[in-house]
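Commentary on secondary and tertiary structure
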Amino acid sequence: MTRSRARSRQLPTLLVALTLMAALPIAFPVAVAAAGSSVVSNCDDGLDPVPPGSLRDAVEAANADGDATELDPHAIAFAADLPCDTITLAGAQLELSAHMTIQGPGADVLSVSGGGESR
């Protein structure tokens, strides 16, 4: 058998194999966990209890997000209708211990204050 004949017989087998490989992700989808997201919707802060929708609540959710990675961090954003220009922290500093991004509206629109406390 000549070399060209052997290659021509292998070509259909190769095409079938490539077609099956391309179809596998469709037939058997792989679940990929995605990091979560949080929206800061109020300007409150507190420790006991942590106000829902607060920056502290969003940071705690990000810290607890087991799916967050360096390439897919937990995303924290601020509501467009946030009713303040300063969020004043009540006591303890925010503990950032996980992969997260915090996308604010800009320093000219919103600031975070330590309330006169040093950190």
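Here, every reference points to the structure presented above.
Let us look at the structure shown here. Predicted, not measured: the structure shown is a model, and the values here were computed from it. Starting afresh in each chain, residues are numbered from 1 along the sequence in its written order. Under the rules for a predicted model, residues below a pLDDT of 70 receive no local features and side-chain atom pairs below 80 are neither given nor counted, while totals for whole chains, interfaces and linings still include all residues. Computation of side-chain values covers all heavy atoms of the structure but excludes hydrogens and water.

1. A few points about the pattern of salt bridges
The cut-off we apply is this: Put simply, a salt bridge is a Lys or Arg side-chain nitrogen that is within 4 Å of an Asp or Glu carboxyl oxygen. Put simply, DSSP H or I for four residues or longer makes a helix, DSSP E for two residues or longer makes a strand, and each gets a number counted from the N terminus. Burial classification: accessible surface area is computed with a 1.4 Å probe over protein chains only, and a residue below 20% of its type maximum counts as buried, one above 50% as exposed, and the rest as partly exposed.
Summed over all chains, the structure comprises one salt bridge. A salt bridge links Asp-45 to Arg-56; its shortest N-O distance comes to 2.7 Å. Here Asp-45 is found in the loop between strand E1 (37-40) and helix H2 (55-64), whereas its partner Arg-56 is found in helix H2, with 11 residues between them in sequence. Across this residue pair, the class does not change: Asp-45 and Arg-56 are buried.

2. Quick look at the environment of Glu-117
In this fold, Glu-117 is placed in the segment after strand E5 (111-113). Accessibility expressed as a relative area gives 53% for Glu-117, which makes it exposed.

3. Let's talk about the side chain of His-74
To keep it simple, the criterion reads: Think of a polar contact as two N or O atoms within 3.5 Å of one another; within protein, one of them needs to be a possible hydrogen donor and the other a possible acceptor, and neighboring residues in sequence only count if both atoms come from side chains. Here a residue-residue contact requires only that any non-hydrogen atoms of the pair lie within 4.5 Å.
By secondary structure assignment, the location of His-74 is in strand E2 (residues 74-78). Residue classification places His-74 among the buried positions, given a relative accessible area of 4%. Within the structure, His-74 has its side chain in polar contact with the side chain of Ser-38 (distance 2.8 Å). Residues in contact with His-74, not counting those within four places in the same chain, are Ala-35, Gly-36, Ser-37, Ser-38, Ala-58, Ala-61, Ala-62, Asp-65, Ala-68, His-99, Met-100 and Thr-101.

4. With respect to the nonpolar core
To keep things clear, this is the line we draw: Residues belong to one nonpolar core when they are buried, are Ala, Val, Leu, Ile, Met, Phe, Trp, Tyr or Cys, and are joined through side-chain atoms within 4.5 Å.
Counting residues in each nonpolar core, the largest one holds 12 residues, listed as Val-40, Cys-43, Leu-55, Ala-58, Val-59, Ala-62, Ile-76, Phe-78, Leu-82, Ile-87, Met-100 and Leu-110. Contributing elements (two or more residues each) for this core: H2 and E2. Counting residues per element, this core draws most heavily on H2, at four residues.

5. With respect to H2
Structural remark: α-helix, 3.6 residues per turn; residues separated by three or four positions point the same way. Stated formally: As used here, the arc is the angular range of directions from the helix axis to the C-beta atoms.
If you check which residues of H2 are buried, you get Leu-55, Arg-56, Ala-58, Val-59 and Ala-62. Down the axis, H2 shows its buried residues gathered within 160° of arc, on one side only.

6. Let's talk about the sheet that holds strand E4 (residues 100-103)
Quick note on the threshold: Any two strands are treated as partners once DSSP identifies two or more bridges connecting them. Structural elements are reduced to axes, namely lines fitted to C-alpha atoms, with helices fitted over the stretch in contact, and the angle between N-to-C directions of any two is expressed from 0 to 180 degrees.
Across the sheet, three strands lie side by side as E1-E2-E4; this open sheet has parallel pairing. Pairing within the sheet leaves two strands with one partner each, and these edge strands are E1 and E4. Averaged over all adjacent pairs, the angle separating strand axes in this sheet is 15°, with direction ignored. Two strands pair when backbone bridges link them, and E1 and E2 are joined in this way by four bridges, in the parallel orientation. Across the sheet, residue Ser-37 finds its bridge partner in E2, namely Ala-75. Packing of H2 onto the sheet brings it into contact with E1, E2 and E4, and relative to E2 it is tilted by some 170°.

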